[in-house]
Amino acid sequence: MPSIEPAHSSSSAKPSPVSPRRLLTQNREMRSIGAWNWTLPAWAGRLPDGRTYNTCPSAGVCREVCYARHGTYLWPVVRAKHHANLQFVLDDLPGWEQAMLGELAAARFGGGWVRIHDSGDFFSDEYLASWLRIMRQRTGVNFYCYTREICRFRALVEPDPPANFLWVYSYGGTQDTELTASDRVADVFPDEASIEAAGWSSQDASDLLAVLGPKLVGVPANRIPHFLRRLQGRRFSEWQAEVDAERHTRHTARVQAITSVRSARLRMPPETGSKVA
């Protein structure tokens, strides 16, 4: 599980948070494709009890322009729902798993799709393993996701994936360099025209195209003015590569400086002590 700060101590015991009555939601876009959402709060923050969290440990440049840190996601009632979801997972993972299995047993989910995380990601091995158990027990439901947890998926999913689970790896994270030509990948582009120019396939018509269409998936950037200014006409992969190159340059410079200082010290003649009469 992620590193969580302990809740602030109090002289009076606080009651346990109430588990969400319904775990899966469905907005108009998801309803049109027969899908439901499971949502966590995006990236890093603080829970009402004082604990801090990071639900996207491999987030890179994506966190700078994350749609889930803007607009309706910040409404108090929405944020409270997402915090309650995360608290349920953190405080009672077995109970959350059973609750999700119970909800998915409803007939309305049969043959449908569940998008895991329209916000957040698979932040720990234990949490991912819980989802894999759910998928294997609810074979009549289809599951899909975008994820930047590439190494975690290489280890825990790729060797034996559930038959009803599809995923796409997203550029814009700290593990971009782990991606290969054989992977299904999604990259955020400035607009539809740039997706077409690159020869990629847009998922804008249906989010399911991210896992059912061609494996080079283009996602048009959200038309949020200050996000577009930060993007500066780049794809997420290009932006992340720039950041990684700058970080590598800084790291190399530090290593060279340390090596230079050590070499200079080794070349210095030993100090001669003065004799005392």
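The shown structure was predicted, so the numbers you read here are calculated from the model rather than taken from an experiment. (Residues numbered from 1 in each chain as written. Predicted model: local features only at pLDDT ≥ 70, side-chain atom pairs only at ≥ 80, totals over all residues. Heavy atoms only, no water.)

**Some remarks on the pattern of salt bridges**
Applying the stated criterion to the full structure yields 13 salt bridges. Salt-bridge contacts for arginine 133 lead to glutamate 97; the nearest nitrogen and oxygen are separated by 2.9 Å. Taken together, the positions of arginine 133 in helix α4 (residues 125–137) and glutamate 97 in helix α3 (residues 93–104) put the pair 36 residues apart, joining distant regions of the chain. The class for glutamate 97 is buried, based on a relative accessible area of 7%. Taking the shortest distance from any N to any O, the salt bridge between aspartate 207 and arginine 115 comes out at 3.1 Å. Here arginine 115 lies in strand β4 (residues 113–116) and aspartate 207 lies in the loop between β8 (201–202) and α7 (209–212), a separation of 92 residues in the sequence. The two residues aspartate 207 and arginine 115 agree in class, both being buried. (Salt bridge = Lys/Arg side-chain N within 4 Å of Asp/Glu carboxyl O. Helix = DSSP H or I, 4+ residues; strand = E, 2+ residues; numbered from the N terminus. Buried < 20%, exposed > 50% of the residue type's maximum accessible area, 1.4 Å probe, protein only.)

**A closer look at helix α2 (residues 76–91)**
For α2, built from 16 residues, the straight-helix expectation of 22 Å at 1.5 Å per residue is met to within 8% by its first-to-last C-alpha distance of 22 Å. For α2, the set of buried residues is His82, His83, Ala84, Asn85, Leu86, Gln87, Phe88, Val89 and Leu90. Looking at the buried positions of α2, the neighbouring elements they touch are β1 (35–38), β2 (44–46), β3 (52–54), α3 and α4. (Expected span 1.5 Å × (residues − 1). Contact = heavy atoms within 4.5 Å.)

**Looking at α3**
The end-to-end C-alpha distance of α3 is 16 Å, a good match for the 16 Å that 12 residues give at a rise of 1.5 Å each. All of the buried residues in α3 are Leu93, Trp96, Glu97, Met100, Leu101, Glu103 and Leu104. End-on view of α3: buried residues confined to an arc of 165°, all on one side of the axis. In α3, the exposed positions that point more than 90 degrees away from the buried face belong to Pro94 and Gln98. Here the buried face of α3 lies against β1, α2, β4, α4 and β5 (142–147). N-capping of α3 is provided by aspartate 92, with a side-chain oxygen placed 2.9 Å from the backbone N of glycine 95. (Arc of directions from axis to C-beta. Polar contact = N/O pair within 3.5 Å; in protein donor to acceptor, adjacent residues only side chain to side chain.)

**Examining unusual backbone geometry**
A positive phi angle is found at tryptophan 43, which is not glycine, with a value near 50°. Mapped onto the fold, tryptophan 43 is located in the loop between β1 and β2. Despite not being glycine, glutamine 232 has its phi angle at roughly 55°, a positive value. The residue glutamine 232 is located in the loop between α8 (225–231) and α9 (236–267) in this model.

**Concerning the sheet that holds strand β9 (residues 216–220)**
An order of β1-β4-β5-β6-β7-β9-β8 is seen for the seven strands of this open sheet, with the pairing classed as parallel. Single-partner strands in this sheet number two, and they are β1 and β8. (Pairing = 2+ DSSP bridges.)

**Re the packing of α3 against α4**
Contact geometry for α3 and α4: axes closest at 10 Å, N-to-C directions at 30°. As far as their axial angle goes, α4 and α3 are roughly parallel. Where α3 crosses over α4, the handedness of that crossing is right-handed. In this structure, α3 uses Leu93, Trp96, Glu97, Met100, Leu101 and Leu104 to contact α4, whose residues at the interface are Glu126, Tyr127, Ser130, Trp131, Arg133, Ile134 and Gln137. A class-by-class count of the residues in the contact of α3 with α4 yields eight nonpolar, two polar and three charged. (Axes fitted to C-alpha atoms, helices over the stretch in contact; angles between N-to-C directions. Parallel < 35°, antiparallel > 145°, perpendicular 65-115°, else oblique. Left-handed = near helix turned anticlockwise from the far one by under 90°. Nonpolar A, V, L, I, M, F, W, Y, C, P; charged D, E, K, R; others polar.)

**A few points about the packing of α2 against α3**
Relative orientation of the contacting elements α2 and α3 amounts to 120°, with a least axis distance of 5 Å. Here α2 is positioned oblique relative to α3, judged by the angle of their axes. For the pair α2 and α3, the contacting residues are Phe88, Val89 and Asp91 in the first and Leu93, Gly95, Trp96 and Ala99 in the second.

**Quick look at the side chain of arginine 152**
With respect to the helices and strands, arginine 152 occurs in helix α5 (residues 150–156). One polar contact links the side chain of arginine 152 to the main-chain carbonyl oxygen of phenylalanine 123, over a distance of 3.5 Å. Side chain to side chain, arginine 152 and aspartate 125 meet in a polar contact 2.7 Å long. Sequence-distant contacts of arginine 152, defined by excluding residues within four places in its chain, comprise Pro57, Phe122, Phe123, Ser124, Asp125, Leu128 and Val157.

**A few points about a positive patch on the surface**
There is a patch of like positive charges on the surface, built from Arg69, Arg79, Arg229 and Arg230. Its location among the elements puts arginine 229 in helix α8. Relative accessible area serves as the criterion here: at 59%, arginine 229 is assigned to the exposed category. (Patch = residues over 30% accessible without salt bridge, like charges linked within 9 Å, V, L, I, M, F, W, Y side chains within 5 Å. Areas by Shrake-Rupley, 256 points an atom, 1.4 Å probe, with all protein chains shown as cover. Lys, Arg positive; Asp, Glu negative; His and termini not counted. Charge placed at Lys NZ, Arg CZ, Asp CG, Glu CD.)

Everything listed here is a matter of geometry and, on its own, says nothing about what the molecule does.
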